[in-house]
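Report on the structure
As a plain string of letters, each chain reads:
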Amino acid sequence: MSQASILYDLPGPRAKRRNAILGVASTVGIIALIAFIGYKFADTGQFEARKWEQFQYASVQRELLGGLGATLKAAGIAAVLALIFGAFFASARLSDKWYLRSPATFVVELFRAIPLLILIFFGYYVPLQYGWSIDKLWALVIGLMLYNGSVLAEIFRAGINAVPYGQTEGAYAIGMRKNQVLRLILLPQAVRSMLPAIVSQLVVLLKDTALGFIITYPELLFVGKQIGGRLPFGLPYVPTYLIVAAIYIAICGALSALAWWLQKRMGRSRRTAAKVLPAQNAGEDAARMI
Amino acid sequence: MGEFFRVLTDNGQLFVDGFTNAVKLFLIAAVGSLVLGTLLGAMRVSPVPALRAFGATYVNLVRNTPLTLVFAFLVFAVPKLDVNIEYFSSAAVALTVYTSAFVCEVIRSGVNTVAAGQAEAARALGMTFGQVLTLIVLPQALRAMVPPMMSVFIAMLKNTTIAAGFSVLEAGAIPAYMAERGEPQFAVLLWITIGFLILILPLVALQRFLERKWRVAR
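So, how was this worked out
- Residues numbered from 1 in each chain as written.
- Chains lettered and ligands numbered in written order.
- Predicted model: local features only at pLDDT ≥ 70, side-chain atom pairs only at ≥ 80, totals over all residues.
- Helix = DSSP H or I, 4+ residues; strand = E, 2+ residues; numbered from the N terminus.
- Rg over C-alpha atoms; globule rule 2.2 N^0.38 Å.
- Contact = placed C-beta atoms within 7 Å.
- Buried ≥ 20, exposed ≤ 12 C-beta atoms within 10 Å, placed from the backbone.
- Nonpolar A, V, L, I, M, F, W, Y, C, P; charged D, E, K, R; others polar.
- Axes fitted to C-alpha atoms, helices over the stretch in contact; angles between N-to-C directions.
- Parallel < 35°, antiparallel > 145°, perpendicular 65-115°, else oblique.
- Left-handed = near helix turned anticlockwise from the far one by under 90°.
- Domains from an automatic or database assignment.
- Expected span 1.5 Å × (residues − 1).
- Core = buried A, V, L, I, M, F, W, Y, C linked by C-beta atoms within 7 Å.
- pLDDT = per-residue confidence, 0-100.

**Regarding the overall build of chain A**
- When helices and strands are tallied, chain A shows ten helices and zero strands.
- The N-to-C order of helical and strand elements in chain A reads α-α-α-α-α-α-α-α-α-α.
- Scaling as 2.2 N^0.38, a compact globule of 290 residues should have a C-alpha radius of gyration of about 19 Å, whereas chain A reaches 24 Å, well beyond that.
- Dimensions of chain A, computed from C-alpha atoms along their principal axes, come out at roughly 75 × 75 × 30 Å.
- Here the analysis covers contacts within chain A between residues at least 6 apart in sequence; of these, 74% occur between residues at least 24 apart.

**Considerations on the overall build of chain B**
- Secondary structure summary: chain B contains nine helices and zero strands in total.
- Dimensions of chain B along its principal axes, counting C-alpha atoms only, are 70 × 45 × 25 Å.
- Residues counted as buried form 46% of the 218 residues belonging to chain B.
- Pairs at least 24 apart in sequence give 75% of the contacts found in chain B among residues at least 6 apart.

**Details of the interface of chain A and chain B**
- Each partner contributes residues to the interface: chain A has 55 residues there, and chain B has 58 residues.
- For the side of chain A that touches chain B, the secondary structure elements donating two or more residues are α1 (13–43), α5 (116–130), α8 (178–208), α9 (220–228) and α10 (237–268) of chain A.
- Here the side of chain A that touches chain B takes ten residues from α10(A), the largest share from any one element.
- Among the residues making up the side of chain A that touches chain B, the classes are represented as 36 nonpolar, 13 polar and six charged.

**Side note on the packing of helix α5 (residues 87–113) of chain B against helix α7 (residues 129–159) of chain B**
All names here are of chain B.
- Their axes nearest at 8 Å, the elements α5 and α7 cross at an angle of 155 degrees. Considering their axes alone, α5 and α7 lie roughly antiparallel with respect to each other. Crossing of α5 over α7 shows right-handed handedness. From α5, Leu-95, Thr-99, Phe-102, Val-103, Val-106, Ile-107, Gly-110, Val-111 and Thr-113 reach across to α7, where they touch Val-137, Ala-141, Ala-144, Met-145, Pro-148, Met-149, Val-152, Met-156 and Asn-159.
- Its residues assigned to classes, the contact of α5 with α7 comprises 14 nonpolar, four polar and no charged.

**Observations regarding unusual backbone geometry**
All names here are of chain A.
- The phi dihedral of Thr-216 is positive, around 55 degrees, even though this residue is not glycine.
- Structurally, Thr-216 is set in the loop between α8 and α9.
- Within the chain, Leu-235 stands out as a residue other than glycine whose phi angle is a positive 45 degrees.
- With respect to the element layout, Leu-235 can be found in the loop between α9 and α10.
- Its 16 C-beta neighbours within 10 Å are what place Leu-235 among the partly exposed residues.

**Comments concerning the domain arrangement of chain A**
- On domain assignment, one finds that chain A holds domain 1 (1–43) and domain 2 (49–287).
- With centres defined by C-alpha atoms, the gap from domain 1 of chain A to domain 2 of chain A works out at 36 Å.

**Quick look at helix α6 (residues 136–161) of chain A**
- Its 26 residues give α6(A) an end-to-end C-alpha distance of 37 Å, which sits within 8% of 38 Å, the value for a rise of 1.5 Å per residue.
- The buried count for α6(A) comes to 20 of 26 residues, which makes it a mostly enclosed element.

**Some details on the environment of Leu210(B)**
Residue and element names in this part refer to chain B.
- As for its placement among the helices and strands, Leu-210 is situated in helix α9 (residues 185–217).
- Along the primary structure Leu-210 and Gly-110 are separated by 100 residues, whereas in three dimensions their C-alpha atoms are 15 Å apart.
- With near-sequence residues (within four places) excluded, Leu-210 lies in contact with Val-146 and Pro-147.

**Here we look at the nonpolar core**
- Ile120(A), Leu69(B) and Phe71(B) are the most contacted members of the largest nonpolar core, which has 133 residues in total.
- Other than its neighbours up to four places away in sequence, Phe71(B) contacts Ala91(B), Ala94(B), Ile162(B) and Phe166(B).

**Overview of the environment of Glu109(A)**
Residue and element names in this part refer to chain A.
- Positionally, Glu-109 belongs in helix α4 (residues 98–113).
- Residue classification places Glu-109 among the partly exposed residues on the basis of 14 C-beta atoms within 10 Å.
- As a C-alpha pair, Glu-109 and Val-151 span 42 residues in sequence and 9.0 Å in three-dimensional space.

**So, the packing of helix α6 (residues 116–124) of chain B against α7(B)**
Residues and elements named next belong to chain B.
- Following both chains from N to C, one finds α6 and α7 inclined at 160 degrees, their axes separated by 10 Å at the closest point. If you check the angle between α6 and α7, you find them roughly antiparallel. When you trace α6 past α7, the crossing you get is right-handed. Facing Gln-118, Ala-119, Ala-122 and Arg-123 of α6, the residues of α7 in contact are Val-132, Ile-136, Val-137 and Gln-140.
- Per-class residue counts for the contact of α6 with α7 are five nonpolar, two polar and one charged.

**Overview of the confidence of the model for chain B**
- Averaged over every residue, the pLDDT of chain B is 90; the share at 70 or more is 99%.
- For this predicted complex, the interface confidence reaches an ipTM of 0.90, while the overall pTM sits at 0.89.

**Remarks on the confidence of the model for chain A**
- Mean pLDDT for chain A: 88, with 90% of residues reaching 70 or above.
- Segment residues 280–284 of chain A is flagged for pLDDT under 50; beyond a separation of four residues in sequence, or across chains, it makes 15 contacts in the model.

Now the structure itself:
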């Protein structure tokens, strides 16, 4: 009820009755919606054993696992590269030399404004035309690295800037060098504050590996299309995509939950003077996970 | 360099069609997700637990699903349910379903930024629910909502390119056509990039301006 308390007073007897009626009506409405979808599924034979049969086969399960493996591989490589890319460009943007700052700003702003799919196409169509052999994995990974690396660079920069200036002043006052201030004072505090935001950006990266489907990189979604398109099993697209969606939701949901938990935990801890950059559920950051 | 401009002038119609469809798709999905997202946002701040749970479930499921999967479901699976819609509409529905989860979150967190004391004071003055909402809460919440809402829509404009993977002639589909015509792809992709920068950079600038202006005022 805490979130509703802004708009509504504690309900009195009449409001309680009205809310109860609305509650029953909306429950009925939601159940009707679910029932309609279930009916539509049953009506078109989505629950037939034939459409689900192949998921019992070890070979099909191996296919799905292979797809998941390809997804996780692309996400893993891209995550490491994006973190390095982000750290590099964030430190360049935080530099007090303009000739480091401006090119880094240009790169970060540019890659954040280009649609990710177009970045991936640069690595896919250009080599394709000239007959250079480039793995589709790398076309995907480089696109993911450039985009998510740029977003991470902004998160890192915001994290460092969120440490109160007094910390820097204090460190300089006791005779630390610039390098020491960053390494010993700012980074340890900033990492705590930006960890939730980093984890939720990695969820975005993991979700975006599904774009590999479009350049026919054999990730989970692509494997799903192949399994769903099998005629002997009655073109089981619906069951297959439900299973694929469940896998994505389970993995991304677990990571999102981790980000949320980190945020709660960091919010309590007093080891950093910096304000925690929220992972989700707060103001402007609701927009970040898109 | 002449080659670079020739790519655009020789294939002008394709670029115009691609970007027109991208903007069309964007506008339709923007209206759709604003409506659906507001509805879901209203559910999430409503006093009815069933509606709150429904809104929360929708947001958590959709937010952890890749947009490409939503597209694939609409294009490949939904026709198997005897619902036949054309590719362009599928793309608009996919973008709407996905984006409204984020619109919903922006609205919910926008309402939550208003201090509880504001609404309490308004009620103490004897204002009705409608007055509290329209005179006190929404004017403050909107300031907090507009910048992140713009980020969501900027992201959606970029996401329209995904429709190209699902048979919609859209800006992202231009390279596939150009591959058949044998045009230099690097130039083609640079032109598409420039097109998106022209569309997106003014929006980013406006968003940052509003963010700066309204942060001080609040």
